[in-house]
Amino acid sequence: MSKSLLWDNLDYQLQPWIRTAVDVMGFDEMTPVQASTIPLFARNKDVVVDSITGSGKTVSFVIPILEKIIIEEANSSKLKKGHFHSLIISPTRELAKQIQSVIESFLTHYPEDLYPIKSQLIVGTNTNTVRDNVSEFLDNRPQILVGTPGRIFEFLKSSGIKSKSCSMVILDEADRLLDVSFLKDIENIMQILPKQRRTGLFSATINSAGSNIFKIGLRNPVKVTVNSKILAPVTLSLNYAITEPEKKFQLFLSVLNNYKFKKCIAYFPTCISVQYYYSFIQHLVEKKIVNEDLQIFSLHGKLQTSSRMKTLETFTETLSNAVLITTDVAARGIDIPDVDLVIQLDPPTDADIFLHRCGRTGRANKIGKAITFLNKGREEDYVSFMEVKNVKLELIELDVQGIPEDFNKIFMDWILEDRARFDHALRSYVAYIRHYSNHSASSIFRFQSFDFVGLCRMYGLFRMPRMPEITKNFKDDVENPKVFSNGWLIDPPIDLDLFKYSDSKQEKKRLAELKAIKDVHDKKRLKFLLKKKNESWSNKTETKESKLERRAKMEIKRKAIEAELAKNDSENSDEEIEDWKQVVLQRKKKQKSSASGMQGSFDDL
């Protein structure tokens, strides 16, 4: 043990109860980032911390926050109602909850006879609103707030919330918070907070934030960089395996069955892929093709917040061997004990996310292994691409073992039980293609050399979907002798008119649509209906997504109007409040009238 990393040698005198907490939590010595950051941040320095994943960054800002609360007497009645001392912002609800749990772990050792230090989690869920957060805050009077950007911004705008006492602000996974997805919210939050504050930015890939770092009002910051040339912990083994798309999922199952691990996190490219394969894996467990002793969990961004947090909590606490099938929603900052294997079915579209994913294992000097599957051919250049970024990957030879030879038939039979599964497979395929097109390393991940047929078989499809990407880049030639007419991958083809949904309502609707088409005698009308019925899946997905975007925008507008009405309600309690929809209609009428008025003014030209 290095003497310089002993807690007793820290260049800062910790509170006795914090020192006790450190010992009880098993932190025998500091990590380099903790030894460098705590003395600076606990005093009066802004910090920008760039340190490898799993290096202990969370403790590096939790301890200074607790120290400053005591030094500045925020642990007393001097902190007025409606005021708070520290704000911690993270990009995901899961990471926010984890930070909250670390704070609570420290606070269990806080002396009971002193004025209490409290923290509050502020994230959007399906069970609570901003009003609920505000009510809880005013009742409990916590000094520390932990949350996600959108909900924090709404919270700070609420009446009764006073930000002028905020002394410390932390952006965890700062590069993610300062990208286009969150930047506007972060800027708005910083404008509400006082300028005289301590600010800390923490990430394993802080350089990705670029010039956006200067948009949040840092005051003479000190940059703390640990192991800048070695981007992964020495205890983390980074490996890659070469496979063909058709065999990739089988290879994944083979690793689950044959590789010894306590817990595994497997990253899939899209939310719908997680949903689809999770359903199929459950079927494979029932058929004893996948190890029955494995607990399988799924986590993705389309789940409700309460479900996501419950899943993560259960996966974390289970003592059984377990696998978490997830997307990048669980790629950053999440610290789950006993995760000793990470599998990436595909490299992420953003190279910086690669290390965040791999960093879910090999944390705190524990041994971990990360395996990334690369498609045979052009994708093998990804190894050299990552080497330029100081990430060295070692080849590992993996073979499909213990998977039945008739696996493709088992897959197809499962899909044929319910047409909804076929639809799900198609949507998953389309989502994957769109995901693939967004790779930052576009010179490596190219459709010109992509195995569209192999990917179809990976998703259990027996017919290639109609997509512009396939039409443009796929050539049905001698290299693909198993592709039959109209994109069928089996011969004879299946009569899709007889392919049923197991859900009676869906099936009834399908039959009605089928009958309507058969009853049409007008050739032009029939051609239109058939074209609509056979429209490419990518176009259908885009249409659905545009509808979802419109709904999301309407929801944001609705919330803004409700907040405005609530404000008016508090100011004029006796005044009758109109329904928000009526307000929208009135605004539209005003816009139309003003537009028509403007037109009239040009009548003489």
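What counts, and where the lines are drawn
Residues numbered from 1 in each chain as written. Predicted model: local features only at pLDDT ≥ 70, side-chain atom pairs only at ≥ 80, totals over all residues. Heavy atoms only, no water. UniProt positions renumbered as here; feature names shortened; annotations may be inferred. 1 Å grid on protein atoms, 1.4 Å probe; cavity = no way out; pocket = protein on both sides within 12 Å on 5 of 7 lines; lining within 4 Å. Points joined across faces, edges and corners; volume = space filled by probe spheres on them. Nonpolar A, V, L, I, M, F, W, Y, C, P; charged D, E, K, R; others polar. Pairing = 2+ DSSP bridges. Helix = DSSP H or I, 4+ residues; strand = E, 2+ residues; numbered from the N terminus. Axes fitted to C-alpha atoms, helices over the stretch in contact; angles between N-to-C directions. Phe/Tyr/Trp six-rings, centres within 6.5 Å; stacked < 30°, edge-to-face > 60°. Buried < 20%, exposed > 50% of the residue type's maximum accessible area, 1.4 Å probe, protein only. Lys NZ or Arg CZ within 6 Å of the ring centre and 35° of its normal. Contact = heavy atoms within 4.5 Å. Salt bridge = Lys/Arg side-chain N within 4 Å of Asp/Glu carboxyl O. Core = buried A, V, L, I, M, F, W, Y, C linked by side-chain atoms within 4.5 Å. Domains from an automatic or database assignment. Polar contact = N/O pair within 3.5 Å; in protein donor to acceptor, adjacent residues only side chain to side chain.

- For the protein, an unreviewed UniProt entry supplies the name ATP-dependent RNA helicase and the organism Tetrapisispora phaffii.
- Check the Subcellular location (unreviewed entry) section of the UniProt entry for the protein; it says "Nucleus, Nucleolus".
- Checking UniProt for the protein, the heading Sequence similarities (unreviewed entry) contains the comment "Belongs to the DEAD box helicase family. DDX55/SPB4 subfamily."

1. Let's talk about empty space enclosed by the protein
For step 1, the next point in the chain: Taken as a whole and judged by the stated rule, the model has two cavities of 30 Å³ or more.
For step 2, the next point in the chain: As a volume, the largest cavity reaches approximately 70 Å³.
For step 3, the next point in the chain: Every residue along the wall of the largest cavity is listed here: Ala74, Ser76, Leu79, Lys80, Lys81, Gly82, His83, Tyr115, Phe137, Arg141, Pro142 and Gln143.
For step 4, the next point in the chain: Its residues assigned to classes, the lining of the largest cavity comprises five nonpolar, four polar and three charged.
For step 5, the next point in the chain: Considering only enclosed or pocket space, the second largest cavity measures out at about 30 Å³ in volume.
For step 6, the next point in the chain: Glu246, Phe249, Gln250, Phe407, Asn408, Phe411, Arg457 and Met458 together form the lining of the second largest cavity.

2. Digging into the sheet that holds strand E7 (residues 222–226)
For step 1, the next point in the chain: With parallel pairing, seven strands are arranged side by side in an open sheet as E3-E4-E2-E5-E6-E1-E7. In this open sheet, the two edge strands, each paired with only one partner strand, are strand E3 (119–122) and E7. Averaged over neighbouring strand pairs, the angle between their axes works out to 15 degrees when direction is ignored.
For step 2, the next point in the chain: Direction of pairing for strand E2 (residues 86–89) relative to strand E5 (residues 168–172): parallel, over a ladder of four bridges. Paired with Leu87 across the bridge in E5 is Val169.

3. Some thoughts on the packing of aromatic side chains
For step 1, the next point in the chain: Across all of its chains, the model carries 39 aromatic pairs by this definition.
For step 2, the next point in the chain: Plain terms: the ring middles of Phe268 and Tyr277 are 5.5 Å apart, the flat faces sit at 45 degrees to each other, and that makes the pair tilted. A single burial state applies to Phe268 and to Tyr277, both of which are buried.
For step 3, the next point in the chain: Ring centres of Tyr382 and Phe385 lie 5.8 Å apart, and the angle between their planes is 35 degrees; on these two criteria the pair is classed as tilted. Of this pair, Tyr382 and Phe385 both sit in helix H13 (residues 382–388), three residues apart, roughly one helical turn.
For step 4, the next point in the chain: One residue, Lys263, lies across the ring of Phe315, its end atom 5.5 Å from the ring centre.

4. Comments concerning the sheet that holds strand E12 (residues 339–344)
Strand pairing within a sheet occurs via backbone hydrogen bonds; the two strands may be parallel or antiparallel.
For step 1, the next point in the chain: The strand order across the open sheet built from seven strands is E10-E11-E9-E12-E13-E8-E14, with neighbouring strands paired in parallel fashion. Strands at the two margins of the open sheet, each flanked by one partner only, are strand E10 (295–299) and strand E14 (394–395).
For step 2, the next point in the chain: As judged from the five bridges shared by E10 and strand E11 (residues 322–326), these two strands associate in the parallel manner. Looking at E11, one finds that Phe297 is bridged to Leu324.
For step 3, the next point in the chain: Across the face of the sheet, helix H9 (residues 245–258) comes into contact with strand E8 (236–243), strand E9 (263–267), E11, E12 and strand E13 (368–375) while running at roughly 160 degrees to E13.
For step 4, the next point in the chain: Set on the sheet, helix H10 (residues 271–286) makes contact with E10 and E11; between it and E10 the angle comes to about 165 degrees.

5. What about the pattern of salt bridges?
For step 1, the next point in the chain: Counting across every chain of the model gives 18 salt bridges.
For step 2, the next point in the chain: With a closest N to O distance of 3.2 Å, Lys68 and Glu72 form a salt bridge.
For step 3, the next point in the chain: Relative accessible area serves as the criterion here: at 5%, Lys68 is assigned to the buried category.
For step 4, the next point in the chain: The class of Glu72 is partly exposed, set by a relative accessible area of 35%.
For step 5, the next point in the chain: A network of salt bridges, in which partner residues are shared, links Asp8, Arg19 and Asp23.

6. Things to note about the nonpolar core
For step 1, the next point in the chain: Phe106, Phe249, Phe252 and Tyr429 are the most contacted members of the largest nonpolar core, which totals 141 residues.
For step 2, the next point in the chain: Mapping this core onto the domain boundaries places at least three of its residues in each of domain 1 (7–225) and domain 2 (236–437).
For step 3, the next point in the chain: Sequence-distant contacts of Phe106, defined by excluding residues within four places in its chain, comprise Trp17, Ile18, Ala21, Val22, Met25, Val59, Val62, Ile63 and Leu66.
For step 4, the next point in the chain: The next biggest cluster of nonpolar side chains, apart from the first, holds 31 residues, and it includes Val134, Leu193, Ile206 and Ile216.

7. Details of unusual backbone geometry
For step 1, the next point in the chain: In this structure, Pro492 follows Asp491 across a cis peptide bond, with omega equal to 5 degrees.
For step 2, the next point in the chain: In this fold, Pro492 is placed in the loop between helix H17 (468–473) and helix H18 (504–518).
For step 3, the next point in the chain: Despite not being glycine, Glu73 shows a phi value in the positive range, around 55 degrees.
For step 4, the next point in the chain: With respect to the helices and strands, the residue Glu73 is situated in the loop between helix H3 (57–71) and E2.
For step 5, the next point in the chain: On the accessibility criterion, Glu73 (39% relative accessible area) is partly exposed.
For step 6, the next point in the chain: We note that Asn486 has phi near 60 degrees; this positive angle belongs to a residue other than glycine.

8. A closer look at the UniProt feature "short sequence motif: Q motif" (unreviewed entry) in the protein
For step 1, the next point in the chain: Using the residue numbers shown here, the UniProt feature "short sequence motif: Q motif" (unreviewed entry) corresponds to residues 7–35.
For step 2, the next point in the chain: Spanning residues 7–35, this segment combines 45% helix with 0% strand, and its end C-alpha atoms are found 8 Å apart.

9. Observations concerning the side chain of Thr361
For step 1, the next point in the chain: Mapped onto the elements of the fold, Thr361 is located in the loop between helix H12 (351–358) and E13.
For step 2, the next point in the chain: Of the polar contacts made by the side chain of Thr361, one reaches the backbone oxygen of Val339; its length is 2.7 Å.
For step 3, the next point in the chain: Sequence-distant contacts of Thr361, defined by excluding residues within four places in its chain, comprise Leu236, Val339, Asp340, Leu341, Val342, Ile367, Gly368 and Lys369.

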